[in-house]
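Listed below, chain by chain, are the residues.
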Amino acid sequence: GAGVSQTPSNKVTEKGKYVELRCDPISGHTALYWYRQSLGQGPEFLIYFQGTGAADDSGLPNDRFFAVRPEGSVSTLKIQRTERGDSAVYLCASSLYGPGDEQYFGPGTRLTVT
Amino acid sequence: QKEVEQNSGPLSVPEGAIASLNCTYSDRGSQSFFWYRQYSGKSPELIMFIYSNGDKEDGRFTAQLNKASQYVSLLIRDSQPSDSATYLCAVNNQAGTALIFGKGTTLSVSS
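In this convention, every chain numbers its residues from 1, walking through the sequence in written order. For this description, chains carry letters from A and ligands carry numbers from 1, given in the order in which they are written. In keeping with the model being predicted, local features are shown solely for residues with a pLDDT of at least 70 and side-chain atom pairs are shown and tallied solely at 80 or more, while totals for entire chains, interfaces and linings include all residues. Hydrogens and water molecules were not included; the side-chain quantities draw on all heavy atoms of the structure.

Please provide a residue-by-residue account of the overall build of chain B, values included.
Of regular secondary structure, chain B possesses 0 helices and 11 strands. Segments assigned H or I by DSSP are reported as helices when at least four residues long, segments assigned E as strands when at least two residues long, and all are numbered from the N terminus. Going from N to C terminus, chain B has its helices and strands arranged as β-β-β-β-β-β-β-β-β-β-β. The quantity called the radius of gyration is restricted to C-alpha atoms. Its globule counterpart is 2.2 Å times the number of residues to the power 0.38. Relative to the globule expectation of 13 Å for 111 residues, the C-alpha radius of gyration of chain B, 13 Å, shows essentially globular dimensions. Taken along the three principal axes of its C-alpha coordinates, chain B extends 45 × 30 × 20 Å.

Next up, the structure:
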């Protein structure tokens, strides 16, 4: 079956602009996660959704970052007033029930803020 | 700060050898442990998970967990050049809401 998909695959934006990154999880997976990965580092947790609600958003670095999952499937990560330090690969993952299950990653969105 | 530690490598092994990758974690409450493989420029791919103390084998891969020592390892038997990648250890946090990743160990298998 289809895996996790993310769009766009690459996004270049200017400092101060607003961006949206989209994630479509594996069909039937109730849990969805966003991570951020910088070069040479492991993925860093941002937010976890169980259904439509954010069960843990403690990894969001500041209030410029926001994510939604209105219908319990597709999720959008929104970044306002982007900064050069936001440049990274943003990874989305999903799992069938919750964080104790196996998480499967999408291909990621490479965000570059110039 | 809860941490997952891995040697960054590179770990170099000849083709056909056993590669041993190690990981320690600080949160005694962690219950789920995962190994991901990440090729350069690609996203992490799940290769093994283990929840109980002991060994778990899947093909050429064996995951080993020792909760008392807070240690998890991955053995790759009959290593192939295609196994050359970065291997990420991930552990769930005590709240059970997220995975905490190590920085990864780079494995290089020479033919």
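Please set out empty space enclosed by the protein residue by residue, giving values where relevant.
All names here are of chain B. The distinction between a cavity and a pocket rests on a 1 Å grid over the protein atoms alone: a 1.4 Å probe fits inside a cavity but cannot get out, while a pocket stays open yet meets protein on both sides within 12 Å along at least five of seven lines, and a residue with an atom within 4 Å of a point counts as lining. Grid points are joined across faces, edges and corners, and a volume is the space filled by probe spheres set on the points. Counting across every chain of the model gives 1 cavity of 30 Å³ or more. By volume, the largest cavity amounts to about 40 Å³. In terms of lining residues, the largest cavity is bounded by 10 residues, among which Glu3, Val4, Asp27, Ser30 and Ile100 are the most central. In this count, Pro and Cys sit with the nonpolar residues alongside Ala, Val, Leu, Ile, Met, Phe, Trp and Tyr, while Asp, Glu, Lys and Arg are called charged and the others, Gly among them, polar. Residues belonging to the lining of the largest cavity are distributed by class as follows: 4 nonpolar, 3 polar and 3 charged.

Account for the sheet that holds strand S6 (residues 54-58) of chain B, naming residues and giving values.
Residues and elements named next belong to chain B. Any two strands between which DSSP finds at least two bridges are classified as paired. If you trace the 5 strands from one edge of the open sheet to the other, you get S1-S3-S8-S7-S6, paired in antiparallel fashion. This sheet does not close on itself; its edge strands, each paired only once, are strand S1 (4-5) and S6. Pairing of strand S7 (residues 61-66) with strand S8 (residues 71-76) involves 6 bridges; the strand directions are antiparallel. Residue pairing in the sheet places Leu65 in a bridge with Val72 of S8.

Got a sec to walk through the interface of chain A and chain B? Specific residues and values, please.
Residue contacts follow a heavy-atom distance rule, with two residues in contact if any of their heavy atoms lie within 4.5 Å. The interface of chain A with chain B comprises 20 residues on the first partner and 18 residues on the second. For the pair chain A and chain B, the two sides together bury roughly 1,500 Å², of which 55% comes from carbon and sulfur. Counting the surface chain A buries against chain B, the share from its top three residues, Pro99, Glu102 and Phe105 of chain A, is 29%. The salt bridge criterion pairs a side-chain nitrogen of Lys or Arg with a carboxyl oxygen of Asp or Glu, the two atoms within 4 Å. Across the contact surface, chain A and chain B share 0 salt bridges. What qualifies as a polar contact is a pair of N or O atoms within 3.5 Å, subject to a donor-acceptor requirement within protein and to the restriction that residues adjacent in sequence count only when both atoms come from side chains. Counting across the chain A and chain B interface gives 8 residue pairs in polar contact (both at pLDDT 80 or more). Defined in terms of a 1.4 Å probe, buried area is the accessible area two parts forfeit on being brought together, summed over both.

Any chance you could break down the nonpolar core for me, citing the residues and the numbers?
One finds Trp35, Val72, Leu74, Ile76 and Tyr87 of chain B to be the most contacted residues of the largest nonpolar core, which totals 23 residues. Those elements that place two or more of their residues in this core are strand S3 (19-25), strand S4 (33-38), strand S5 (45-50), S7, S8, strand S9 (85-92) and strand S11 (105-110) of chain B. In this view, Val72 of chain B contacts Leu21, Asn22, Cys23, Phe33, Trp35, Ile50, Gln64, Leu65 and Cys89 of chain B; residues no more than four positions away in its chain are not counted. Working definition of a nonpolar core: buried Ala, Val, Leu, Ile, Met, Phe, Trp, Tyr and Cys residues. They are joined through side-chain atoms within 4.5 Å. In this scheme, a residue with accessible area under 20% of its type's maximum is buried, one over 50% is exposed, and one in between is partly exposed, where area comes from a 1.4 Å probe on protein chains only. In terms of nonpolar packing, the next biggest core, distinct from the first, is built from 20 residues, Val4, Leu21, Cys23 and Phe49 of chain A among them.

Now, about the packing of aromatic side chains: what can you tell me, with residues and values included?
Any Phe, Tyr or Trp ring, taking Trp's six-membered ring, that has another such ring centre within 6.5 Å forms a pair; planes under 30 degrees apart are called stacked, those over 60 apart edge-to-face, and the others tilted. Across all of its chains, the model carries 11 aromatic pairs over all chains by this definition. Ring geometry for Tyr33 of chain A against Tyr48 of chain A: centres 5.2 Å apart, planes inclined by 15°, an arrangement best described as stacked. Of the two residues, Tyr33 of chain A is situated in strand S4 (residues 31-37) and Tyr48 of chain A in strand S5 (residues 44-50); the sequence distance between them amounts to 15 residues. The same class applies to Tyr33 of chain A and to Tyr48 of chain A, which are both buried. Look at Phe105 of chain A and Tyr36 of chain B: their rings are 5.4 Å apart centre to centre, the planes differ by 85°, and that puts the pair in the edge-to-face class.

Everything listed is a geometric property; what it means functionally is a separate question.
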